[in-house]
Protein chains: 2
Amino acid sequence: MANLLHANCLMCRMKSDIFTTLNDSELNRVNDCRVSIKYHQGEIIFKQGSPCHDFVCVTSGLVKLYLEGEGDRRIIIGFARPVDYIFVPGAFSDKRHHFTAVACEESTACLVEVDIIQDLLKTNQEFASSFMTKVSEQAIGLFEQLTSFTQKHMPGRMAEVLICLSQKIYQSNPFITSLTRQDIADMSGMTKESAIRIMKTFKDEGLILTEGNSIEILDFSRLETISRNG
Amino acid sequence: MANLLHANCLMCRMKSDIFTTLNDSELNRVNDCRVSIKYHQGEIIFKQGSPCHDFVCVTSGLVKLYLEGEGDRRIIIGFARPVDYIFVPGAFSDKRHHFTAVACEESTACLVEVDIIQDLLKTNQEFASSFMTKVSEQAIGLFEQLTSFTQKHMPGRMAEVLICLSQKIYQSNPFITSLTRQDIADMSGMTKESAIRIMKTFKDEGLILTEGNSIEILDFSRLETISRNG
DNA sequence: TATTCGGGGTGATCTATGTCATTCAAAAAC
DNA sequence: GTTTTTGAATGACATAGATCACCCCGAATA
């Protein structure tokens, strides 16, 4: 299943932003231990609790990142799209993954040994600096998710998720999604049944239009109001 | 109100772990722009949304860090105790504070310009590395809080908070706390009334003993079971 | 001394949301 | 071409937990 995407990192036009801070010799070091892997829909890239050996950079498709709680309940904390690398906090503390990454659709990713990346962080300040920014933004995102989940009601959370899908993840409206209703529920901290119900009320009120995997936002500003007022 | 604690950073036996990675000249640079401030109970050290100019290191007392949502609701995401520095993710992205820091009791803190710290991160790899570890651990803590808040019921969350207070924050049992019931509620994602109610049931069941600001855990293992089973 | 005020504590409601059970359609498997 | 599986959709019901309204008490304040 392993499948080379590009001859090497130097030529790669798919490389993540932070790699632009690396010089040729540094890129070659990365390239030497890089493998490109193709994942089918639903396949696990790494699993919460397992040791983290590799740094993952998504080059095609869509990958969901989620926390696994007791009894099958999941919380989606984010997605990785081309070209995002996945920041794994465990790499800097207990060498374990603290969330699971799964391909939502046919996806490819480059894997690089974490040791190499950590070496580069030590020698290349610019690289380290853009890394810190990424990490910080992830933390800020978690703050917002925590506030939203504990303080907003279901319609507010759902409105937020729909806006996020259209603006950030798919960057189009309408958008065709490979996410299930369960995934949307996991993004908004509710059960699948509740997610479907809220989406139906939104549909009945003319806020959105859904047809299978296609979702269109009809009244953006009203949806934003709902998202703000919880 | 400003009040010098120590002549300078070199002599300071109160300095945070990460500063042990700095040499004398680096410590002097930190010292040159360092101010030590004394805060009274309830005083704000920095406020969510405000620009972040300073790196804060708590040298005495207890500081709570919380997210402010709509309508007065708060979520305590952590505490800073001697000698902790407060990681401010905004320093690496939008230069804004994303949570508020308030002294729970009489506290002192050293403030250092963020620019100095960011310079040091660029020049001292060891310093940067221990910084990354700290950031990562904060992210992992947020994952746990998010899972707990969305998946556990009130008794589970309260049990968790009580154990955390005794083991991590005060490291004693019984412990005398300067936190109000509202603070405990903000830590466990519930209203003050609910927090009081749950604590009463714990008291009635012989799990804990409370008297004013003193809390004692009587049955640790049963509390842990409750915390694990939600 | 009288009074205000902040925090702790309690009970009576109300409701947002989870749970469970069931149907339906489409896709996949045999 | 049946049969099985999977996800979407919907209704009935139960309940965890918020909200509101109130009391009590000690400390600060007038």
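All values reported here derive from a predicted model rather than from experimental measurement. Within each chain, residues carry numbers counting from 1 in the order of the written sequence. Think of it this way: whatever chain is written first is A, whatever ligand is written first is 1, and the rest follow in order. A pLDDT threshold of at least 70 governs which residues receive local features in this predicted model, and a stricter bar of 80 or more applies before side-chain atom pairs are shown or counted, although totals over entire chains, interfaces and linings include all residues. Excluding hydrogens and water, the side-chain values take into account all heavy atoms of the structure.

*Asks:* Describe the pattern of salt bridges, listing the residues and the values that go with them.
*Replies:* Residues and elements named next belong to chain A. One speaks of a salt bridge when a side-chain nitrogen belonging to Lys or Arg is within 4 Å of a carboxyl oxygen belonging to Asp or Glu. Counted according to the given criterion, the structure contains 14 salt bridges over all chains. Across the pair glutamate 68 and lysine 47 runs a salt bridge, and its minimum N-O distance is 3.0 Å. One end of the pair, glutamate 68, is in strand S4 (residues 63-68); the other, lysine 47, is in the loop between strand S2 (44-46) and strand S3 (54-60), and 21 residues separate them in sequence. A residue is classified by how much of its surface remains accessible, and lysine 47, at 36% relative accessible area, is partly exposed. Secondary structure counts use DSSP, requiring at least four H or I residues in a row for a helix and at least two E residues in a row for a strand, with both numbered from the N terminus. When accessible area is computed with a 1.4 Å probe and restricted to protein chains, residues below 20% of their type maximum are described as buried, those above 50% as exposed, and intermediate ones as partly exposed.

*Asks:* Before we move on, could you go through helix H5 (residues 181-188) of chain A and cite the residues and values that matter?
*Replies:* All names here are of chain A. Of all 8 residues in H5, 6 are buried; the element is thus mostly enclosed. For H5, every residue scored as buried is listed here: Asp183, Ile184, Ala185, Asp186, Met187 and Ser188. Contacts made by the buried residues of H5 are with S4, strand S5 (74-80), helix H3 (125-151), helix H4 (154-169), helix H6 (192-204) and strand S11 (214-217). Positioned one or two residues after H5, glycine 189 has a phi angle of 65°, which is positive. Should any heavy atoms of two residues lie within 4.5 Å, those residues are considered in contact.

*Asks:* Just give me the short version of the protein's contact with DNA strand C, but keep the residues and values in it.
*Replies:* Note on terminology: near, applied to a residue and a molecule or strand, indicates that one of the residue's heavy atoms is within 4 Å of it. DNA strand C sits among 16 residues. The nearest are A:Ser194, A:Arg197, B:Arg181, B:Arg197 and B:Lys200. Of everything in DNA strand C that lies within 4 Å of the protein, sugar and phosphate atoms constitute 60%. For this analysis, a polar contact is any N or O atom pair within 3.5 Å, provided that within protein one partner can donate a hydrogen and the other can accept it, and provided that sequence-adjacent residues contribute only side-chain to side-chain pairs. Interatomic distance of 2.7 Å between a side-chain N/O atom of A:Ser194 and a phosphate oxygen of DNA strand C. Within the contact set of DNA strand C, a base oxygen lies 3.1 Å away from a side-chain nitrogen or oxygen of A:Arg197. Sorting the residues of the surface near DNA strand C by element identifies H4 and H6 of chain A together with helix H6 (192-204) of chain B as the ones contributing at least two each. Considering every element that reaches the surface near DNA strand C, the biggest residue donor is H6(B), with 5 residues. Across the surface near DNA strand C, the residue classes tally to 3 nonpolar, 5 polar and 8 charged. Classification convention: Asp, Glu, Lys, Arg as charged; Ala, Val, Leu, Ile, Met, Phe, Trp, Tyr, Cys, Pro as nonpolar; all other residues, Gly among them, as polar.

*Asks:* Lay out the pairing of strand S11 (residues 214-217) of chain B in plain terms, naming residues and giving numbers.
*Replies:* Residues and elements named next belong to chain B. Side chains of S11 alternate between two faces, with Ile215 and Ile217 buried and Ser214 and Glu216 left unburied. Any two strands with at least two DSSP bridges between them are considered paired. Bridge analysis of strand S9 (residues 175-176) against S11 gives 2 bridges, and the strand direction is antiparallel. Within the sheet, the bridge partner assigned to phenylalanine 175 lies in S11 and is isoleucine 215.

*Asks:* Run through the packing of helix H1 (residues 24-32) of chain A against helix H2 (residues 114-123) of chain A, naming residues and quoting values.
*Replies:* Residue and element names in this part refer to chain A. Every angle, taken between N-to-C directions, lies between 0 and 180 degrees, and every axis is a line fitted to C-alpha atoms, over only the stretch in contact when it is a helix. At a closest axis distance of 10 Å, the pairing of H1 and H2 adopts a crossing angle of 165°. One element, H1, and the other, H2, form an angle in the roughly antiparallel class. Crossing angle aside, the handedness with which H1 passes H2 is right-handed. Here Glu26, Arg29 and Val30 of H1 lie close against H2, whose contacting residues are Ile116, Asp119, Leu120 and Thr123. When the residues that make up the contact of H1 with H2 are grouped by side-chain class, the tally is 3 nonpolar, 1 polar and 3 charged. Each angle gets one of four labels, with under 35 degrees taken as roughly parallel, over 145 as roughly antiparallel, 65 to 115 as roughly perpendicular, and the rest as oblique. Put simply, a crossing is left-handed when the front helix is turned counterclockwise from the back one by less than a right angle, and right-handed when it is turned clockwise.

*Asks:* Which residues make up the interface of chain B and chain A, and what values go with them?
*Replies:* For an interface, size is often stated in terms of accessible area lost upon the parts coming together. Each partner contributes to the interface: chain B provides 35 residues, whereas chain A provides 35 residues. Summed over both sides, the interface of chain B with chain A buries roughly 3,100 Å², with 76% coming from carbon and sulfur. Considering only the surface of chain B that becomes buried against chain A, B:Met132, B:Phe143 and B:Leu146 emerge as the three largest contributors, covering 22% of it. Counting residues per element, the ones that place at least two in the side of chain B that touches chain A are strand S5 (74-80) and helix H3 (125-151) of chain B. In terms of residues, the side of chain B that touches chain A owes the most to one element, H3(B), which gives 18 residues. Split into classes, the residues belonging to the side of chain B that touches chain A amount to 16 nonpolar, 12 polar and 7 charged. A simple way to read buried area is as the amount of 1.4 Å-probe accessible surface that goes missing from two parts once joined, with both sides added.

None of the figures reported here should be taken as evidence of function without further support.
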